[in-house]
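# Descriptive analysis of the structure
Here's the letter readout for the chains.
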Amino acid sequence: MGTRGRGRVADRRAPEPEDGRPDGGRPGDGRPGDAPFDPAPPARGRAERRRSARRAARRRKRSLLREFPLIVLVALLVALVMKTFLIQVFVIPSGSMEQTIQIGDRVLVDKLTPWFGSEPQRGDVVVFKDPGGWLEHDRKPSDDGPVLGAAKQVLTFVGLLPSENEQDLIKRVIGVGGDTVECCDAQGRLSINGRAVEETYLAPGNPPSRQSFKVTVPKGRLWVMGDHRDVSADSRFHMGNPGQGTVPLSDVVGRAFLIGFPLDRFHQLDEPSSLSSLALAPQAGGTVPRSMGVGPVPVEPPLVMGVLGILPFVVRRPGRPPE
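Residues numbered from 1 in each chain as written. Predicted model: local features only at pLDDT ≥ 70, side-chain atom pairs only at ≥ 80, totals over all residues. Heavy atoms only, no water.

## What about the state of the cysteines?
Under the defined criterion, the tally for this structure stands at one disulfide. Disulfide pairing places Cys183 opposite Cys184 at an S-S distance of 2.0 Å. Torsion about the S-S bond of the Cys183 and Cys184 cystine: about 65 degrees, corresponding to right-handed handedness. Judged by its relative accessible area of 32%, Cys184 falls in the partly exposed class. (Disulfide = S-S within 2.5 Å. Buried < 20%, exposed > 50% of the residue type's maximum accessible area, 1.4 Å probe, protein only.)

Structural data, given as structure tokens:
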């Protein structure tokens, strides 16, 4: 048979290999058209590794300097929110609450629950603003310059420095609105609504009170006393002030719930069962308090707001290797 209708064998087009090479060769076999073979790069020397490490350290330092203002701003905002709405730290300057709370203790005060309508109960240790006339305002002129003064005002506002304008005290709630608090009975005990109270939290050697008194607490107010009764300028000594020695609920900053420092005194402040177990008294409008034999008013320094520490944190950007 002839070759009519067919091309020559030599004219037939050979199929191209899958890699596109007309000769069907493999990469790197030295044939024409191949790209030069690239062997693995040689390992970097010690000097090159040192230079790379120094460049990486410089990049980290520049990144930290750029992020530092943001970290400071976040820390200030967190401190402001915590001081305003959550928790505030106070340093105890006097012995009016010994032995429960001692001089120099850092006390954490809950400021959150009052926002939800929680009110102090008998036995709670509360921080409250001066109702008027409880503290002597002896302010010293500041010798800070304008720059330092402005910086202190900012740090005070966010809660990182103590405030000289806040006049706060700390005492234990003995009576709430409607309670009749009286001292002392034939056995020298304090009584609430006619029921004697065993005050196991008092400082050793202190009687419930060295002066007699009787008061019915008005609605919306508190009768407060210190645990170290002999040195505590509490409600007993301010019956002649507006409110007859009682504290309005609106002046309560919060409830002290924990001693956070020093660490060997770290513990929770609980309500004494002798006070918390008493039944609520019917609400009353209050009566004029009766007090006999009131001696000199002890000196009561204001609380000092503690420095609130913010733990730094680092937010890693996506793709940033750990350092």
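## Considerations on the packing of aromatic side chains
What the rule picks out here adds up to two aromatic pairs. With centroids separated by 5.7 Å and ring planes inclined at 85 degrees, the aromatic side chains of Phe128 and Trp134 adopt a geometry described as edge-to-face. Positioned above the aromatic ring of Tyr201, the side-chain terminus of Arg172 is 4.4 Å from the ring centre. (Phe/Tyr/Trp six-rings, centres within 6.5 Å; stacked < 30°, edge-to-face > 60°. Lys NZ or Arg CZ within 6 Å of the ring centre and 35° of its normal.)

## Some details on the pairing of strand β9 (residues 221-225)
With four of its five residues buried, β9 lies for the most part within the structure. Taken together, the three bridges between strand β4 (residues 168-175) and β9 define a ladder with antiparallel strand orientation. By the bridge assignment, Arg172 is partnered in β9 with Met225. Relative to strand β10 (residues 247-248), β9 runs antiparallel, the two sharing two bridges. Residue pairing in the sheet places Arg221 in a bridge with Pro248 of β10. (Helix = DSSP H or I, 4+ residues; strand = E, 2+ residues; numbered from the N terminus. Pairing = 2+ DSSP bridges.)

## A closer look at the pairing of strand β1 (residues 87-91)
Of all five residues that make up β1, four are buried, and the element is covered over most of its length. With five bridges connecting them, β1 and strand β2 (residues 106-110) associate as antiparallel partners. For Ile87, the partnering residue across the bridge sits in β2 and is Asp110.

## Quick look at the pattern of salt bridges
Across all of its chains, the model carries eight salt bridges by this definition. Residues Asp227 and Arg172 are paired through a salt bridge, measuring 2.7 Å at the closest nitrogen-oxygen approach. With a gap of 55 residues between them, Asp227 in the loop between β9 and β10 and Arg172 in strand β4 connect regions that are remote in the sequence. According to the relative accessible area criterion, Arg172 is buried, its value standing at 2%. In this structure, the salt-bridge partner of Asp230 is Arg210, at a minimum N-O distance of 2.8 Å. Placement of Asp230 in the loop between β9 and β10 and of Arg210 in the loop between β7 (195-197) and β8 (212-216) is noted, with a sequence separation of 20 residues between them. The exposure class assigned to Arg210 is exposed, which follows from its relative accessible area of 56%. Bridged by salt links that share partners, the residues Asp185, Arg189 and Glu198 form one connected network. (Salt bridge = Lys/Arg side-chain N within 4 Å of Asp/Glu carboxyl O.)

## Some words on the environment of Trp223
Mapping Trp223 onto the fold places it in strand β9. Residue class for Trp223 comes out buried when judged on its relative accessible area of 0%. As a C-alpha pair, Trp223 and Lys171 span 52 residues in sequence and 9.5 Å in three-dimensional space.

## Some thoughts on the nonpolar core
Counting 16 residues, the largest nonpolar core has Ile174, Val181, Leu190, Ile192, Phe213 and Trp223 as its most contacted members. Looking at this core, the elements that each hand over two or more residues are β5 (180-183), β6 (190-192), β8 and β9. Within the second largest apolar cluster, 14 residues are counted, among which are Phe90, Val127, Val253 and Leu303. (Core = buried A, V, L, I, M, F, W, Y, C linked by side-chain atoms within 4.5 Å.)

## Re the side chain of Glu199
Inspection of the secondary structure puts Glu199 in the loop between β7 and β8. For Glu199, a relative accessible area of 11% puts it in the buried group. In this structure the side chain of Glu199 is engaged in a polar contact, spanning 2.7 Å, whose partner is the side chain of Arg229. Apart from the residues lying within four places of it in its own chain, the contact partners of Glu199 are Ile174, Leu190, Pro208 and Arg229. (Polar contact = N/O pair within 3.5 Å; in protein donor to acceptor, adjacent residues only side chain to side chain. Contact = heavy atoms within 4.5 Å.)

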